[in-house]
Amino acid sequence: MKEITDILKAYQKATKDKKKTALATVVKVEGSSYRRPGARMLITEDGQLTGAISGGCLEGDALRKALSAIVQQENKLITYDTTDEDDAKFGVQLGCNGIVHILFEPILEEETLNPIVILSALQEKREDAVLVTLFSLNGKQQLGTSMLFKKEAILSKIPEEIEADILLNAKEVFISKTAAFKVYPYGDHQIEAFLELIHPPVSLIIAGAGNDAQPLAEMAYLLGWEISIIDGRPTHATVQRFANATRILVSKPDKVLNQIDIDEQTAFVLMTHNYNYDLELLKYLLDTNAPYIGTLGPKKKLIRMLEELNLATPENESRVHGPIGLDIGAETAEEIAISILAEIKSVFTGASAIFLKEKKNPIHVYGLTNS
């Protein structure tokens, strides 16, 4: 979601500067590639790039293809075959051992539902959405970014003859929380759809405004997460200390949940260094459906807190991440922040957090099916 947010900001600036733009989207990958389907990049006519569709090896050629799409004002699908070690066909020296299909869409301001309009609708409310991008590998017609399906809203410019089938599949992706590829007959050829499940950014609620919370908040901001700072001390919970926080609350524990919305992408970190504050807040959090709760400090501290609350059950001990973070040998506040963020990320993606060299399956396997 951060990449999309950055693209939207870059587009606003480009529009203000009266620059033409195009959106490049990785729509399909066969084999190995640095980026997976859903990776995006905005290209301006003067060569400014926001986002990424590869590790840097494709961007130069992508600029040329984007300029061509802008000049001709039509969508283009470009295929890069990186299985050729010499990369003689494209001259981009990729070496990723895969085939990457990238869709280029010129952004036309006069178009009611251009890709930027559809992407912008993702930010209207914190909720899951399904983004549908249509393309054809035989090169006949590239319909591009065509639908955004949300629980209570739909934006669509899909042709009527295939819209009902795609809408049904979008609903299935929304319910299953698993992205998918589908193929549909369209005229005298087939058209493919990448149905991408997009979650809202992680909402990180940091209870504690001490010095060690500052690097955690800053690093979370770099990830594109929404940050809330909660503390009972008005001298610590300030905009000056947490300039990039979405919100700062000076509050007692019993008032916190009335001011916070909890969804499937919400993580709480208790690090006030005030035992009683953390204890009381933990009591209220355990009555919620918060998907992630972490406490700073040793395991015995967490056990003590649960015992004092008469909530020392195996389920609660398993639910609360205490000590918080992954075992990376962290010592400094910055290193501890990395450890905490990595654990939260792994919990929300369902990743194992093992060394990648020990992973037996492909690295990118989350939330994607082919049919």
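Residues numbered from 1 in each chain as written. Predicted model: local features only at pLDDT ≥ 70, side-chain atom pairs only at ≥ 80, totals over all residues. Heavy atoms only, no water.

The next subject is the packing of aromatic side chains. Tallied over the full model, the rule gives two aromatic pairs. Pairing Phe149 with Phe174 gives two aromatic rings, centres 5.5 Å apart and planes at 80°, and the pair type is edge-to-face. Of the two residues, Phe149 sits in strand β7 (residues 144-150) while Phe174 sits in helix α4 (residues 160-176), which places them 25 residues apart along the sequence. As far as burial versus exposure is concerned, Phe149 and Phe174 are alike and both buried. Ring plane angle 25° and centroid distance 5.0 Å describe the contact between Phe181 and Phe194, whose orientation is recorded as stacked. In this pair, Phe181 is assigned in strand β9 (residues 179-186) and Phe194 in strand β10 (residues 189-198), connecting sequence segments 13 residues apart. A single burial state applies to Phe181 and to Phe194, both of which are buried. Here Lys177 stacks its cationic end above the ring of Phe174, 4.5 Å away from the centre of that ring. (Phe/Tyr/Trp six-rings, centres within 6.5 Å; stacked < 30°, edge-to-face > 60°. Helix = DSSP H or I, 4+ residues; strand = E, 2+ residues; numbered from the N terminus. Buried < 20%, exposed > 50% of the residue type's maximum accessible area, 1.4 Å probe, protein only. Lys NZ or Arg CZ within 6 Å of the ring centre and 35° of its normal.)

Attention shifts here to the packing of helix α5 (residues 213-222) against helix α10 (residues 333-349). The relative placement of two packed helices is expressed as an angle between their axes plus a distance between the axes. Relative to each other, α5 and α10 sit at 50°, their axes nearing to 8 Å. Overall, the two elements α5 and α10 adopt an arrangement that is oblique. For the pair α5 and α10, the crossing hand works out as right-handed. Taken together, the residues of α10 that come into contact with α5 (itself represented by Pro215, Leu216, Met219 and Ala220) are Ala333, Glu334, Ala337, Ile338, Ile340 and Leu341. (Axes fitted to C-alpha atoms, helices over the stretch in contact; angles between N-to-C directions. Parallel < 35°, antiparallel > 145°, perpendicular 65-115°, else oblique. Left-handed = near helix turned anticlockwise from the far one by under 90°. Contact = heavy atoms within 4.5 Å.)

Pairing within the open sheet is parallel, and its six strands lie in the order β13-β12-β11-β14-β15-β16. Because the sheet does not close on itself, it has two edges, and the strands there are β13 (247-250) and β16 (320-321). For strand β12 (residues 226-231) and β13, the ladder comprises four bridges, and the chain directions are parallel. Bridging across to β13, Ile229 finds its partner in Ile248. Packed onto the sheet, α10 meets β11 (203-207), β14 (266-270), β15 (292-295) and β16 and runs at close to 150° relative to β14. (Pairing = 2+ DSSP bridges.)

With that settled, the discussion passes to the side chain of His101. Counting through the fold element by element, His101 comes out in strand β5 (residues 98-106). A distance of 2.8 Å separates the side chain of His101 from the side chain of Thr79, its partner in a polar contact. Once you skip the residues sitting within four places of it in the chain, His101 turns out to touch Thr25, Val26, Val27, Lys28, Glu30, Leu77, Ile78, Thr79 and Leu137. (Polar contact = N/O pair within 3.5 Å; in protein donor to acceptor, adjacent residues only side chain to side chain.)

Honestly, that's just the spatial picture; any functional story needs more than this.
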